[in-house]
Each structure stands twice: as C-alpha cells, then as structure tokens.
Amino acid sequence: MEDMYMKEAKQMINGFIDLAFRRLETSMSDREKSFESIKQLHRSREHTIQKEDTYNVENIEWLTIEEFTPQRGEEKIREFITTWEFENSWLYCVDFLSEEDTEFDKRYFYRLKWSIPTRRKPIPRATASVYFTYVVSKIRPPESPVEVFYVFETNRLIHKPGLSRFREMWLKDIIESKVKMINEVTF
C-alpha cells in the first residue's frame, strides 16, 4: 500500500519537474499573451487569500550540487524537520528509497515515516509518510543548490522548503483516515 503512495508521489513530483522544464522552453510571445491573465489572477488572489504576517516559515541551508550525497541528503531532511512544530509524542524515521538518473538531473527519493506509539500500543495501527525528492542537476554549476520537494501521503500539493508552513494536523488526518478505513474492513 505504501509503495503505491510512493509511486504516486514520485510521479507527481516528476510531472511537476517536467512541467517546469516545458514552461522554460516556451517562446517569449506565449509569455506575453499570458501576462494579462497573470495580472488578473494576481488581482483575484488579493481578495481571496489572506496571508499570515505574524508567522515566519523557517528553512535551513540546503546542500549544493557538489556537496550532495545520499547520506548528507538524509541528514539535511532530519535537520529540516527540526524547524517543524509538532508534539513530542511523534516519532519518525527517514528511509532512502531510490535514485533515478535522467538526462539532465539525478533524483533521490526519501520517505519520512511518522507514527505516535504509546505505552499501551507501542506498535502503531497506522503511519503517515512524507516523501522528499532531491533534484541534483547535471547542467547547473556545482555551487548551485539542489532542488528539494516534498509531498504528504494522500495529498497532491507539492511543497518546497521555506515556502509553506508545516501543520501537524496533516499527519493526524492521514493517520485518522487510515484507522477509519482499517476499522471498516472486516475479514
């Protein structure tokens, strides 16, 4: 079941990266045509989205292309998690999943598995996973930073470190939905 989520997360992130490359390849005339629609979108966002001014999204300094190794990537994920606010009862582990070599970059996939074990139930009934992807470019200068994306299991929103605020409720929702599903299945 978790492999299915990992594959879906991997496909979404790969699709996002491919879409970004395709957008870079568009001609200037296409950009000029879409400029008006972007201005309209910006105006409508001002009225619908309220930004929280009092909260500062924390981030860390990520690795450069020349510094990156799979082990250091795992260490940086652990360092990044320390910027998230969550209760002490949560435990997590980081697993390196795979490496994918493409024409212009290498992609490294990690799974961050969360659970809340208790004294009465040391083995949790369900876990929540967050999938991290490092994109290490083959064409950028070695001193350029690697790109990092992460996705919460069962969600389609692709996060970039430092741009979105972590919500502990996201993990709780994933676990709660799994527990509800398990309770509905009878053998």
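The protein appears in an unreviewed UniProt entry as A-kinase anchor protein 14 from Lymnaea stagnalis.

Caption draft 1: View of empty space enclosed by the protein. Taken as a whole, this structure holds three cavities of 30 Å³ or more when the rule is applied. Roughly 70 Å³ of internal volume is contained in the largest cavity. Forming the walls of the largest cavity are eleven residues, and the residues nearest its centre are V57, E58, T83, W84 and F166. Tallied by class, residues from the lining of the largest cavity come to six nonpolar, three polar and two charged. Empty space within the second largest cavity amounts to approximately 50 Å³. Lining of the second largest cavity is provided by Y5, E8, A9, M12, V151, F152, E153, T154 and N155. Elements with a contribution of two residues or more to the lining of the second largest cavity: α1 (2-24) and β4 (147-152). Classifying every residue of the lining of the second largest cavity by side-chain character gives five nonpolar, two polar and two charged.

Caption draft 2: Up close: helix α4 (residues 168-184). Along its 17 residues, α4 runs 25 Å from first to last C-alpha, staying within 8% of the 24 Å computed at 1.5 Å per residue. Within the sequence span of α4, burial applies to E168, L171, I174, I175 and K178. Seen from one end, α4 has its buried residues packed into an arc of 135 degrees, which puts them on one side. Opposite the buried face of α4, at more than 90 degrees from it, the exposed residues are K180 and E184.

Caption draft 3: Representation of the nonpolar core. With 29 residues, the main nonpolar core has W84, W114, V130, F132 and Y134 as its most contacted residues. Where this core is concerned, the elements lending two or more residues are α3 (70-81), β2 (105-115), β3 (128-137), β4 and α4. A per-element tally of this core places β3 first, with five residues. Apart from residues no more than four positions distant in its own chain, W84 is found in contact with L112, W114, V130, F132, Y150, F152 and F166.

Caption draft 4: Layout of the sheet that holds strand β5 (residues 158-159). Across the sheet, which stays open at both edges, the five strands sit in the order β1-β2-β3-β4-β5 with antiparallel pairing between neighbours. Since the sheet does not close on itself, it has two edges, and those belong to β1 (91-101) and β5, each with one partner. Pairing geometry for β3 and β4, over six bridges, is antiparallel. Pairing of Y131 across the sheet is with V151, part of β4. Across the sheet, α3 touches β1, β2, β3 and β4, and the angle it forms with β2 is around 45 degrees. Lying on the sheet, α4 is in contact with β2, β3, β4 and β5; it crosses β3 at an angle near 120 degrees.

Analysis parameters
- Residues numbered from 1 in each chain as written.
- Predicted model: local features only at pLDDT ≥ 70, side-chain atom pairs only at ≥ 80, totals over all residues.
- Heavy atoms only, no water.
- 1 Å grid on protein atoms, 1.4 Å probe; cavity = no way out; pocket = protein on both sides within 12 Å on 5 of 7 lines; lining within 4 Å.
- Points joined across faces, edges and corners; volume = space filled by probe spheres on them.
- Nonpolar A, V, L, I, M, F, W, Y, C, P; charged D, E, K, R; others polar.
- Helix = DSSP H or I, 4+ residues; strand = E, 2+ residues; numbered from the N terminus.
- Expected span 1.5 Å × (residues − 1).
- Buried < 20%, exposed > 50% of the residue type's maximum accessible area, 1.4 Å probe, protein only.
- Arc of directions from axis to C-beta.
- Core = buried A, V, L, I, M, F, W, Y, C linked by side-chain atoms within 4.5 Å.
- Contact = heavy atoms within 4.5 Å.
- Pairing = 2+ DSSP bridges.
- Axes fitted to C-alpha atoms, helices over the stretch in contact; angles between N-to-C directions.

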